[in-house]
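Coordinate inspection notes
Listed here are the chains, written in short residue letters.
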Amino acid sequence: MVFPIKYVYRFGNVNTDGDRSMKHLLGGKGANLAEMSSIGIPVPSGFTISTEACKSTIDNQMAWPESLFEQVLDGVRHIEAEMGQRLGDDKDPLLISVRSGAAVSMPGMMDTILNLGINDKVVEAIIKKTNNERFAYDSYRRFIDMFGNVVMGVGHDLFEEAIEKLKKEVNVKQDVELTAKDLRELTDRYKAIYRKETGHMFPDDPLEQLRFAVNAVFNSWNSTRAIKYRQISNIHGLIGTAVSVQAMVFGNMGETSGTGVCFTRNPSTGEPKLYGEFLINAQGEDVVAGIRTPSPIAELEKKNPEIYRELLNYTSKLEAHYKNMQDIEFTIEDGKLYILQTRNGKRTGTAAVKIAVDLVNEGVLSQKEAIRDLVDPQHIEQLLHPQFKEEESKQCTLLGKGLPASPGAAVGKVVFDSKKAEESEEPVILVRIETSPEDVGGMSSAEGILTSRGGMTSHAAVVARGWGKPCVAGCGDIVINYKNRSFTNGDVTVKEGDWISLNGNTGQVMLGQKELTEPVFGKEYHTFMSWVEVVEEMKVRGNAETPEDAAAARSYGAVGIGLARTEHMFFKPGRVNFMRKMIIANSKKERVEALGNLLPFQKQDFIEIFQEMEGLPVTIRLLDPPLHEFLPQEKEEIIKVAEELGVSSEMLANKVNQLKEFNPMLGHRGCRLGITYPEITEMQTRAIIEAAIELVKQGKVVLPEIMIPLVGSIEEFRNQREIVDRIAQEILSEAGENLDYMVGTMIEIPRAAILADQIAEEADFFSFGTNDLTQLTYGFSRDDAVKFLPAYIESGMLKHDPFQVLDKEGVGQFVQAGTRLGRMTNPDLKVGICGEHGGDPSSIDFAYETGLDYVSCSPFRVPVAHLASAQATLRKQEDTAQVQEAPKALEA
């Protein structure tokens, strides 16, 4: 049948409608199920309901769009035909699973229902067909639990209490020890719980069950945990979740059945070896939920060598096909292997880089593909996180050892619930028996995660690895007591608020605060970054005002300093009082005298930075902040400083009051200081040029760039440039030396961006100060916006904090206009961005598209910016290639 809008797409051995390119429509799960079906992977037949159907249903108060029910019925008939079974049949019944799947992986955040289609009639048919009463009732009770919880909101804990009570009654410890008779009784108890909590009998019509289940999955798109995960993971632009409906295969049919999750490579280290876990006689949720502790995947080879070889074959085929490490779910039903899902596996930064380099060396993909597809900027950022000193792990009170589920070092105070973790202003470690999707807020806020139950593929492990959060999972050495808010290893009891340290590399849990050290990079990192530097077209500089920061920036690959803030140098010991004397001076003579005392300090600072950055450009911003920032504000501090300066406290207090401004960020600062007190610009210029000349005489290459801040007109820039050039020429003439220096400005006032053509006639470079430009464009105060920005973001009024991610629609227009206008009158104008946005990947992509020459960021974000710049280059190349190919395709 042909429908006006197609909402349902089939996959299976015979008929498959989609492929992996359709993630926006079928979600990652649905698109990959279709893709696997088409390349000969054993996938149980099914169909996927599109994300468009989800959006339409939610937009229309959960009313399905026209023809969706008929298309779902067609999908069910497709499964029945391929599997040779019928939904609700009393002889050979079909059971199905209903799973979510967005275009971007959101592990555990949305809902799944397994074993759908079972009822009292069907369970008897399953018993007759399989001669396995235990399996039949195990499937039935699981379905009531999942349906009750996911669809009707019945607390999962009520079902857990019921099974724990029954295990005590029959004197067993494990779920698998319950007999068929026990499970029949448990099924009845589950039905009673369902009826009590919902006021209804458990539904026995499979199509009614299916409709309820699909709606529940649709609804889970807007669940609190899913929304929070998307916010934390910066996922935007998706319209909803797809729903994959698939024939059930059963891992809980006995000792010849099982289920597991595996990665084609180790997601923590990148080691090229199958990695994962499995359980015999279990269903999939048992593995990921951490309900039972699974066995390492290597043990499957001992239990069933044939199945293990078959699994290796399929995992290798999938990795080669997708050109990426895969995260795969599988089920063994009575000795037959099925692949239920594949997706690009979430991995740590260490693993991402190693996998990328290994796959290139193995000839699976090119260097450019590895840069573009396999390593995210966040992965590089993870590598920059500190680690424990080796001796710290040896000399410690070891509380226990679990599985090293996600690497890194974490130190924090113990908390036992996610809400406290979210609310804490101190670093915390979230300690849980096991995590669930409801814990994502606390997991994101915590420094690290510790669980006493669960394996390497449990919810805690998968989410922590995706976020680069240190995690120790399945630490059976500790017993957690939520009621007492403590955990113990039998010898030591740790209470909420006590400090612990987690080593995600080794699985160690240590008492107290352990010392951290800077990270060490392996050979794969250096290899990968060497490829990045070859590809990138837009360069990366570092922000630095100390020689240590400059050295760090250069060691991370910065090709210059994009912002050296001179005001920070004045706060060093022995200097700030000279600055204060300049501020309180009553005449130009007194100001010049005070500045003369600062000159040697400034000059030495610049010498040290120039030495670290020899041969590379260094952009030095002249004094920017308002003068009151250098003076004490509290009464006791005013008295103390007045005594140091040799003036009365009354006089100093009066000066503090005189300098107070209603809005200091719009007040007497930036170039306005240099215009009213030209001696400040003269002293700073002298320090820069004299420092450069001293090194030039030693045969060193120095490339100073002097930046005038907060310019709003050509007149302001011209005034300050005249001072800089005059002082520079005086010094160069006296020294008999030549020096290539540049004078430019920071574009941070909207007026400057609009008049950039005028300013560029006399400026050698522009650097967009996007922090202040954002503040002045929005009319937001950076310091005060924290009071309302979270509400703006939570309500969807803003997608991002504009001080962290560049607002392309508004602020970006000024950046584009300023660049375009500036280069109209000065084609050689060098243009960059400095400030927080210089290290943000999406802002870097915008800077590249705008045609900027460089971005500048803090030293420790330089490698992140390098990768983001290279990826922007590759995206542009790909887009250009597609445009060039389009006419050829039309001709063909």
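One can find the structure itself at the top, above this paragraph.
Reference entry: report on the structure contained in this document. (Residues numbered from 1 in each chain as written. Predicted model: local features only at pLDDT ≥ 70, side-chain atom pairs only at ≥ 80, totals over all residues. Heavy atoms only, no water.)

**Digging into empty space enclosed by the protein**
Taken as a whole and judged by the stated rule, the model has three cavities of 30 Å³ or more. Roughly 60 Å³ of internal volume is contained in the largest cavity. As for the largest cavity, its lining consists of Leu 622, Leu 623, Gly 670, Cys 671, Leu 673, Gly 674, Ile 680, Thr 681, Gln 684, Ile 708, Pro 709 and Gln 720. Elements with a minimum of two residues in the lining of the largest cavity: helix H27 (671–676) and helix H28 (678–696). (1 Å grid on protein atoms, 1.4 Å probe; cavity = no way out; pocket = protein on both sides within 12 Å on 5 of 7 lines; lining within 4 Å. Points joined across faces, edges and corners; volume = space filled by probe spheres on them. Helix = DSSP H or I, 4+ residues; strand = E, 2+ residues; numbered from the N terminus.)

**With respect to helix H32 (residues 770–778)**
Taken together, the buried positions of H32 are Thr 770, Asn 771, Asp 772, Leu 773, Thr 774 and Gln 775. For H32, the secondary structure elements touched by its buried residues are strand E30 (742–747), helix H30 (750–754), strand E31 (765–769), helix H34 (811–825) and strand E32 (830–834). Gly 779 lies just past H32 and shows a positive phi near 75°. (Buried < 20%, exposed > 50% of the residue type's maximum accessible area, 1.4 Å probe, protein only. Contact = heavy atoms within 4.5 Å.)

**With respect to the packing of aromatic side chains**
Summed over all chains, the structure comprises 22 aromatic pairs. Relative to Phe 202, the ring of Phe 147 has its centre 5.4 Å away and its plane inclined at 70°; by these criteria the two rings are edge-to-face. You can see Phe 147 sitting in helix H5 (residues 133–151) and its partner Phe 202 sitting in the loop between helix H7 (180–198) and helix H8 (206–220), a full 55 residues away along the chain. Comparing Phe 147 with Phe 202, the two get one shared label, buried. Between Phe 147 and Phe 212, the aromatic rings sit 6.3 Å apart at their centres with planes inclined by 85°, giving edge-to-face as the arrangement. Note that Phe 147 is positioned in helix H5 and Phe 212 in helix H8, a separation of 65 residues in sequence. Aromatic ring contacts, followed pair by pair, group Phe 143, Phe 147, Tyr 194, Phe 202 and Phe 212 into a single cluster. (Phe/Tyr/Trp six-rings, centres within 6.5 Å; stacked < 30°, edge-to-face > 60°.)

**Re the state of the cysteines**
This structure, assessed with the given rule, holds zero disulfides. Among the cysteines around Cys 671, which has no disulfide bond, Cys 834 carries the closest sulfur, lying 15 Å off. Classification of Cys 671 by relative accessible area gives buried; the value is 1%. Looking at the unpaired Cys 857, the closest cysteine sulfur is the one in Cys 834, lying at 11 Å. With relative accessibility at 1%, the residue Cys 857 sits in the buried group. (Disulfide = S-S within 2.5 Å.)

**Quick look at the layout of surface pockets**
Taken as a whole, the second largest pocket holds about 750 Å³ of empty space. If you go around the second largest pocket, you meet 38 residues; those closest to its centre are Thr 350, Gln 387, Pro 407, Gly 408 and Asn 505. Looking at the lining of the second largest pocket, the elements with two or more residues in it are helix H13 (349–361), helix H15 (377–383), strand E15 (403–406), strand E16 (409–415), strand E25 (516–517) and helix H20 (523–535). Per-element accounting of the lining of the second largest pocket gives the leading share, four residues, to H13. Taken together, the residues of the lining of the second largest pocket break down into 17 nonpolar, 16 polar and five charged. (Nonpolar A, V, L, I, M, F, W, Y, C, P; charged D, E, K, R; others polar.)

**Observations concerning the environment of Glu 608**
With respect to the helices and strands, Glu 608 occurs in helix H24 (residues 588–612). For the pair Glu 608 and Thr 57, spaced 551 residues apart in the sequence, the C-alpha separation amounts to 64 Å.

**Topic: the nonpolar core**
Counting 149 residues, the largest nonpolar core has Phe 528, Phe 610 and Ile 689 as the members making the most contacts within it. Non-local contacts of Phe 528, meaning those with residues more than four positions away in its chain, are made with Val 353, Ala 356, Val 357, Ala 370, Ile 371, Val 375, Ile 380 and Leu 867. Within the second largest apolar cluster, 59 residues are counted, among which are Ala 136, Ile 144, Phe 202 and Val 243. (Core = buried A, V, L, I, M, F, W, Y, C linked by side-chain atoms within 4.5 Å.)

**A closer look at the pairing of strand E27 (residues 561–565)**
Across the five residues that make up E27, a large majority, five, are buried. Relative to E27, strand E26 (residues 539–543) is paired through two bridges, and the arrangement is parallel. Opposite Gly 542, over in E27, you have Ile 561 as the bridge partner. Pairing between E27 and strand E28 (residues 617–621): three bridges, direction parallel. Directly across from Ile 561, in E28, lies its bridge partner Val 618. (Pairing = 2+ DSSP bridges.)

**A look at the packing of H5 against H8**
Running from amino to carboxyl end, H5 crosses H8 at an angle of 50°, the nearest separation of the two axes being 10 Å. When the interaxial angle is binned, H5 and H8 end up oblique. Crossing hand, H5 versus H8: left-handed. Residues Phe 143, Phe 147, Val 150 and Val 151 of H5 form the contact with H8, whose own contacting residues are Gln 209, Phe 212, Ala 213 and Ala 216. (Axes fitted to C-alpha atoms, helices over the stretch in contact; angles between N-to-C directions. Parallel < 35°, antiparallel > 145°, perpendicular 65-115°, else oblique. Left-handed = near helix turned anticlockwise from the far one by under 90°.)

**So, the sheet that holds strand E7 (residues 242–247)**
The strand order across the open sheet formed by five strands is E1-E2-E7-E5-E6, and the pairing between neighbours is antiparallel. A strand with exactly one partner marks an edge of an open sheet, and here the two such strands are strand E1 (8–11) and strand E6 (112–116). This sheet shows a mean twist of 20° between the axes of neighbouring strands, independent of strand direction. Of the strands in this sheet, strand E2 (46–49), strand E5 (96–101), E6 and E7 are in contact with H8, which crosses E5 at around 15°.

**Looking at the pairing of strand E29 (residues 703–708)**
Extensive coverage of E29 is indicated by the burial of five of its six residues. Examined bridge by bridge, E28 and E29 share five bridges and lie parallel to one another. Looking at the pairing, Pro 617 lines up with Leu 703 of E29. Where E29 lies against E30, four bridges are found, and the strand directions are parallel. Within E30, the position partnered with Glu 705 by the bridge is Met 742. Where the polypeptide runs from E29 across helix H29 (residues 714–735) and back to E30, its parallel neighbour, the crossover connection is right-handed. (Right-handed = clockwise from strand over helix to strand, strands pointing away.)

**Quick word on the side chain of Thr 48**
Along the chain, the position of Thr 48 falls in strand E2. A residue is classified by how much of its surface remains accessible, and Thr 48, at 1% relative accessible area, is buried. For Thr 48, the side chain forms a polar contact with the side chain of Ser 244, separated by 3.2 Å. Among all residues touching Thr 48, those that are not within four sequence positions of it are Tyr 7, Val 8, Tyr 9, Phe 11, Leu 26, Gly 30, Ala 242, Val 243 and Ser 244. (Polar contact = N/O pair within 3.5 Å; in protein donor to acceptor, adjacent residues only side chain to side chain.)

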